[in-house]
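# Chain and residue survey
As a plain string of letters, each chain reads:
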Amino acid sequence: MQLKENCSGDCREILAGAMQRLHEIKKLQAAGLICHDGDFVPSVHYPPITQYAPITEDELFAGYTLPEDELLDIYVHFPFCKQHCTFCHYPVKLGEQTEEKDRYLTALEREMDTYMARLGIGRIKARSILIGGGTPTSLAPEQLERFLRFFCERVDLRQCSQFNYDVDPGTLVGSVGLERLRIMMEYGANRLTIGVQSLDDSVLKAMNRPHDARTAIEAIENSRRFGYQLNIEFIFGHTGETLENWIAVMEKAVTLPVDEIQLYRLKVLPYGDRHGSVVRLRRKDPLSIPPFEDTMMMKQVAIEILRRHGFQENLRRVYSKKKEHYSHYAYNQCCMLYDQVGFGITAFSSLRDRFGLNTQHFDEYYAWIEKGSLPLNRGIVRDREAQVRWATVLPLKNSELRKARFEEVTGIPFDTVFRAKVARLKEFGLIVENQNIVRLTELGAFVADEVVEQFNANEFMPFSSDAYAPGPLHPYADNTPRDALGSTGPPATSGAIPADDVADDPRRCGRP
Ligand SMILES: C[S@@+](CC[C@H](N)C(=O)[O-])C[C@H]1O[C@@H](n2cnc3c(N)ncnc32)[C@H](O)[C@@H]1O
Ligand code: SF4
């Protein structure tokens, strides 16, 4: 670790705190919680989306009924961007693509109608909305308006508590950017998530971002003037980032007129069919990516700078001054486990005990839509064990596991499941539990992905068994279906996957 030459007393104190945190992380690694080289795969859904098998529309919806209040969170995906960022694993079409965007809009409109017919409804009652990508604001203003018109005709917004757009800063500046901001607001959007990623131009260049820091700040100021609630996103651990320039970025970030700051650790291991160029970069030159130790310190440094400026972690990785400034879409889906529908390429639907994923390929997407079918190609209807693991992993990672809600969606009391794991995680100060909830401690929240991975079935662990130290927190320990399901579980021999069977798994802890 290099200390800034001009590092002030505050800066030295913050770095000392980060060293202390690193020391704690190393102890957890030695106990088996984190794999040997510190690599990670974020726990976004359970089981991991990349591992779903093909499923037909009829199989996915068999026996599905809408929630009683018929409210659904809605996601729409736009797979278009100006250029490809190095870290991005999403399949997107680059450049203007005016005709392709028109074609895509026509398909999206049809997909919504097909989906509503499948659910037997004439409009979708929205609980919250997220329009993401890609860059949904890469549409020309007329196309943006076309989309919002047909979308809002099909969506009942009366109970929608938040309408969020995920945007790239470069699309919110200049006269066209201002026009987009006006149109989105006219149709009810009230919150923006802006992908700032860094405020250091050399890092933005290394990321191949289509904007510089000045443009990001201008986009924030423009959006603020329109009255949007604002969340900005940063990546730490990318090529070009050092502790020193990261501290400068965070110190600048806390002065910006935004409500929330969201931190992502660089994900190098791809989680979809496409591999971002960062995968090749790391393979070619592993030292070009900051080492695990620096990445952990970057995270702690950011948390401390944010804390000193009044930003608290109110939803995992998201820091705000006021608790109410959280993403309703993320909260409803990952903490409350409410039903959500998704439209567009790579979009998914999470429907209580099932999950469907749309195709990642444009041609396939258009072909399904033209046939009048949903473009779903992979998914799962979870069995009881997977449902128990899902209802543990998502809320525990993102905010807290509420035992009453857990029992509603699984039919099993939480106090009867995962007893050995829960006891051990408490012993290591990673979780706390009372009659009503289970929650990560501050230390547990720092390594949230690894803590909740403890509840994955062995076949869905991100790394093979030998990638972890054989300590008490080894994730494969005490992890049979009976451990997971408690007294209602099958005998330990049925379905438990011995560690040896996954030793050759290509998803090893190490370079992909
Ligand atoms: C779904 S992406 C789309 C955001 C938008 N297209 C943009 O780049 O401005 C949402 C956020 O995920 C984060 N992200 C995407 N790929 C990542 C990766 N490989 N590692 C870490 N964070 C990533 C970025 O912070 C990004 O802003
Ligand atoms: S990170 Fe965002 S802007 Fe960059 S290529 Fe991916 S989706 Fe597009």
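Parameters and conventions
- Residues numbered from 1 in each chain as written.
- Chains lettered and ligands numbered in written order.
- Predicted model: local features only at pLDDT ≥ 70, side-chain atom pairs only at ≥ 80, totals over all residues.
- Helix = DSSP H or I, 4+ residues; strand = E, 2+ residues; numbered from the N terminus.
- Contact = placed C-beta atoms within 7 Å.
- Axes fitted to C-alpha atoms, helices over the stretch in contact; angles between N-to-C directions.
- Parallel < 35°, antiparallel > 145°, perpendicular 65-115°, else oblique.
- Left-handed = near helix turned anticlockwise from the far one by under 90°.
- Nonpolar A, V, L, I, M, F, W, Y, C, P; charged D, E, K, R; others polar.
- Near = placed C-beta within 6 Å.
- Domains from an automatic or database assignment.
- Buried ≥ 20, exposed ≤ 12 C-beta atoms within 10 Å, placed from the backbone.
- Arc of directions from axis to C-beta.
- Pairing = 2+ DSSP bridges.
- pLDDT = per-residue confidence, 0-100.
- Core = buried A, V, L, I, M, F, W, Y, C linked by C-beta atoms within 7 Å.

### A short note on the overall build of the protein chain
Across its full length, the protein chain holds 18 helices and 19 strands. Counting only C-alpha atoms, the protein chain reaches 65 × 60 × 45 Å along its principal axes. Taking all contacts inside the protein chain whose residues are at least 6 apart in sequence as the whole, residues at least 24 apart take part in 76%.

### So, the packing of helix 3 (residues 98-119) against helix 12 (residues 362-370)
With their axes 10 Å apart at the nearest point, helix 3 and helix 12 run at an angle of 50° to one another. Between helix 3 and helix 12, the angle falls in the class oblique. Crossing of helix 3 against helix 12: the hand is left-handed. Judged by residue contacts, A107, R110 and E111 of helix 3 engage Y365, Y366 and I369 from helix 12. Taken together, the residues of the contact of helix 3 with helix 12 sort by class into 4 nonpolar, no polar and 2 charged.

### Overview of the site of ligand 1
Near ligand 1 there are 17 residues, and of these F87, G195, E233, Y264 and K267 occur at the shortest range. Those elements that place two or more of their residues in the shell around ligand 1 are strand 5 (124-133), strand 8 (191-197) and strand 9 (229-236). Its residues assigned to classes, the shell around ligand 1 comprises 5 nonpolar, 8 polar and 4 charged.

### Section: the domain arrangement of the protein chain
Domain annotation for the protein chain reports domain 1 (20-41 + 396-502) and domain 2 (49-335). Computed over C-alpha atoms only, the centres of domain 1 and domain 2 are separated by 29 Å. If you look at the interface, domain 1 gives 14 residues, while domain 2 gives 15 residues. For the side of domain 1 that touches domain 2, the secondary structure elements donating two or more residues are helix 1 (9-30) and helix 13 (384-398). No other element matches the 3 residues that helix 1 contributes to the side of domain 1 that touches domain 2.

### Thoughts on helix 12
Where helix 12 is concerned, the buried positions are Y365, W368 and I369. All buried residues of helix 12 project into a common sector of 95° when viewed along the axis, lining one side. Relative to its buried face, helix 12 has exposed residues pointing more than 90 degrees away, namely D363 and E370. Note on helix 12: the residue one or two positions beyond its end, G372, has a positive phi of about 85°.

### Considerations on the packing of helix 3 against helix 4 (residues 141-154)
Two elements in contact, helix 3 and helix 4, have axes whose closest approach is 11 Å; the angle formed by their N-to-C orientations is 5°. As far as their axial angle goes, helix 4 and helix 3 are roughly parallel. In this structure, helix 3 uses K101, D102, L105, E109, M112 and M116 to contact helix 4, whose residues at the interface are Q143, R146, F147, F150 and R154. Partitioned by chemical class, the residues of the contact of helix 3 with helix 4 number 5 nonpolar, 1 polar and 5 charged.

### Concerning the site of ligand 2
Near ligand 2 you find C81, H84, C85, C88, Y90, V92, G133, G134, T135, D168 and G195, and these make up its full shell. Looking at side-chain class alone, the shell around ligand 2 contains 5 nonpolar, 5 polar and 1 charged residues.

### Observations concerning the sheet that holds strand 17 (residues 400-402)
In space, the 3 strands of this open sheet follow the order 17-19-18, with antiparallel pairing throughout. Each edge of the open sheet carries a strand with a single partner, namely strand 17 and strand 18 (431-433). The average angle at which neighbouring strand axes cross in this sheet is 15°, direction not considered. Relative to strand 19 (residues 437-440), strand 18 runs antiparallel, the two being bridged by 3 bridges. Bridging across to strand 19, E433 finds its partner in V438.

### Describing helix 8 (residues 243-253)
The set of residues buried in helix 8 consists of L243, W246, I247, V249, M250 and A253. End-on view of helix 8: buried residues confined to an arc of 160°, all on one side of the axis. Contacts made by the buried residues of helix 8 are with helix 1, strand 9, strand 10 (260-265) and helix 10 (292-308).

### Focus on the environment of L425
Mapped onto the elements, L425 comes out in helix 15 (residues 419-427). By the C-beta count within 10 Å, which is 25 here, L425 ends up buried. Separated by 199 residues in the primary sequence, L425 and F226 place their C-alpha atoms 46 Å from one another. Those residues in contact with L425 that lie beyond four places of it in its chain are L430, I431, V451 and Q454.

### Regarding unusual backbone geometry
Glycine aside, residues mostly have negative phi, and peptide bonds are mostly found in the trans state. The step from Y46 to P47 runs through a cis peptide bond, and the omega angle for that step is -15°. Take P47: it is sitting in the loop between helix 1 and strand 1 (53-54). Geometrically, the link from G133 to G134 is a cis peptide bond, its omega value of 20° lying close to zero. Even without being glycine, Q197 reaches a positive phi, approximately 70°. C-beta crowding within 10 Å serves as the criterion here: with 25 such atoms nearby, Q197 is assigned to the buried category.

### Remarks on the confidence of the model for the protein chain
Reading predicted coordinates in detail is not appropriate for stretches of low pLDDT. Here the protein chain shows a mean pLDDT of 91. Residues at 70 or above account for 93%. With pLDDT under 50 throughout, residues 492-512 is counted as low confidence; its partners more than four residues away or in other chains account for 39 contacts.

### A look at the pairing of strand 15 (residues 354-358)
Taking burial as the measure, the 5 residues of strand 15 include 5 buried ones, the bulk of the element. As judged from the 4 bridges shared by strand 14 (residues 348-351) and strand 15, these two strands associate in the antiparallel manner. Within the sheet, the bridge partner assigned to S350 lies in strand 15 and is F355.

### Here's the deal with the nonpolar core
Core analysis: the biggest nonpolar cluster contains 140 residues, and I74, I261, V301 and A302 have the highest contact counts within it. Two domains each donate at least three residues to this core, and these are domain 1 (20-41 + 396-502) and domain 2 (49-335).

### Regarding the environment of T359
Relative to the elements of secondary structure, T359 occurs in the loop between strand 15 and helix 12. Residues T359 and M461 lie 102 residues apart in sequence; the distance between their C-alpha atoms is 24 Å. In contact with T359, not counting residues within four places along its chain, are I345, E364, Y365, W368, P375 and N377.

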